[in-house]
Amino acid sequence: MVFSRLFLALVWLIIGGCAIQPPVRPATDVSVHQIHLKQIAAIQTFNIQGRLAVNADGKGYSGSLHWLHLSDTDGIDIFTPLGSKIAHIEKSTAQVTLTNAKGERVSAQDAESLTEKTLGWRLPLSGLSDWAVGRPTQASIDQQQWDNAGRLTLLEQQGWKIEYTQYMDSLGVSLPQKITLRRQNVLLKLVVEQWTAAP
C-alpha cells in the first residue's frame, strides 16, 4: 500500500513537472528578418545623399554622391570633397552612360565595366539598389547574417561581400547608414546621410 502511494505521488510529480515546461515555438513562426524584409519590400524607389570612399588597386578616392533610383532608371552624381562634380552616371534598361567633368560621354552595357574603364573602380549598380536598402537581390546567396532586429549585418552575393555596420530610422523603417562592399582588390564604403522618397 505504501509503495502504491509513493508510486502515485511520483507519477503526479512527473505530470506536474511536464505541465510547467515552456511551450515549444511552432516551426511555422515567421522569422524576424522575414518581417523586416516585408517592411522594406515597398521601397522600390529612393533618393540618397551620402559619402563614398573607394580603394582600388591601392588608389583611393573619397567624395559625396547623390543617387536617384527609380524603377527602370538610375541617376548618380559623384562629387569631389570640395563639391565639384566629377561624373554623372545614367542607367536605363538599354545602357549605362557616364558623363565626366569635361562633358565627355561614354556608354556601356553595364555600370561595372563602365565605371572600371572610366573611374578605375567597379560600381556594382546592378545589385546596389537592393543592397543599399538592406536586402539581397534575387540572385543566389553565398552567405547572410542578420541581427536581433532582423536586419542584415553580412551578405555575400554576386562576388561581393557586403557588411552593414550601422542603421538609421528613415522612410518609416530601419535602413542602412553605413555599408562596406568588398571584392578582390576593390573596397567601397557608402555612408548615407539622408534617405528621401523619390519625387
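Structural data are supplied above this passage.
Residues numbered from 1 in each chain as written. Predicted model: local features only at pLDDT ≥ 70, side-chain atom pairs only at ≥ 80, totals over all residues. Heavy atoms only, no water.

1. Describing the nonpolar core
Trp67, Ile76, Trp121, Trp131, Ile162, Leu181 and Trp195 are the most contacted members of the largest nonpolar core, which has 42 residues in total. Setting aside residues up to four positions removed in sequence, tryptophan 121 forms contacts with Leu52, Val54, Ala56, Tyr61, Ile78, Thr115, Glu116 and Leu188. (Core = buried A, V, L, I, M, F, W, Y, C linked by side-chain atoms within 4.5 Å. Buried < 20%, exposed > 50% of the residue type's maximum accessible area, 1.4 Å probe, protein only. Contact = heavy atoms within 4.5 Å.)

2. With respect to the packing of aromatic side chains
Tallied over the entire structure, the rule returns four aromatic pairs. The interplanar angle of 20° and the centroid separation of 6.3 Å between the aromatic rings of tyrosine 61 and tryptophan 121 together place this pair among those described as stacked. In this pair, tyrosine 61 sits in strand β2 (residues 59–69) while tryptophan 121 sits in the loop between α3 (111–118) and α4 (125–131), placing the two residues 60 residues apart along the sequence. By the burial criterion, tyrosine 61 is buried, and tryptophan 121 matches it. Taken together, a centroid distance of 6.1 Å and an interplanar angle of 25° make the contact between tyrosine 164 and tyrosine 167 stacked. Tyrosine 164 gets classed as buried once you look at its relative accessible area, which sits at 5%. Under the relative-accessibility criterion, tyrosine 167 is labelled buried at 13%. An aromatic cluster of at least three residues, connected via ring pairs, comprises Phe46, Trp67 and Trp195. (Phe/Tyr/Trp six-rings, centres within 6.5 Å; stacked < 30°, edge-to-face > 60°. Helix = DSSP H or I, 4+ residues; strand = E, 2+ residues; numbered from the N terminus.)

3. Quick look at the pattern of salt bridges
One pass over the structure, following the stated rule, counts six salt bridges. Linking glutamate 193 and arginine 51 is a salt bridge whose minimum nitrogen-to-oxygen distance equals 2.8 Å. Taken together, the residues span a long stretch of sequence, with glutamate 193 in strand β11 (residues 186–196) and arginine 51 in strand β1 (residues 46–56) at a distance of 142 residues. A residue is classified by how much of its surface remains accessible, and arginine 51, at 42% relative accessible area, is partly exposed. The salt bridge partner of aspartate 130 is arginine 135, with a shortest N-O separation of 2.7 Å. The exposure class of arginine 135 is buried, given its relative accessible area of 8%. (Salt bridge = Lys/Arg side-chain N within 4 Å of Asp/Glu carboxyl O.)

4. Overview of the sheet that holds β1
Where strands meet in a sheet, backbone hydrogen bonds hold them as pairs that are either parallel or antiparallel. Judged by pairing direction, the sheet is antiparallel, and its 11 strands sit side by side in the order β6-β5-β4-β3-β2-β1-β11-β10-β9-β8-β7 without closing on themselves. Only two strands of the sheet have a single neighbouring strand rather than two, namely β6 (105–108) and β7 (141–146). Taking each pair of neighbouring strands and ignoring which way they run, the sheet shows an average axis angle of 20°. As paired strands, β2 and strand β3 (residues 74–79) are joined by six bridges and run antiparallel to one another. (Pairing = 2+ DSSP bridges. Axes fitted to C-alpha atoms, helices over the stretch in contact; angles between N-to-C directions.)

5. A look at the environment of glycine 150
When you line up the elements, glycine 150 lands in the loop between β7 and β8 (152–157). Under the relative-accessibility criterion, glycine 150 is labelled buried at 1%. Along the primary structure glycine 150 and histidine 33 are separated by 117 residues, whereas in three dimensions their C-alpha atoms are 3.6 Å apart. Residue contacts for glycine 150: discarding those within four places in its chain leaves Val32, His33 and His36.

6. Side note on unusual backbone geometry
With phi around 55°, aspartate 57 is a residue other than glycine that occupies positive phi space. One can find aspartate 57 in the loop between β1 and β2. Of note, glutamine 158 is a non-glycine position whose phi angle comes to about 55°, a positive value. Looking at where glutamine 158 falls in the secondary structure, it is placed in the loop between β8 and β9 (160–170). Classification of glutamine 158 as partly exposed rests on a relative accessible area of 33%.

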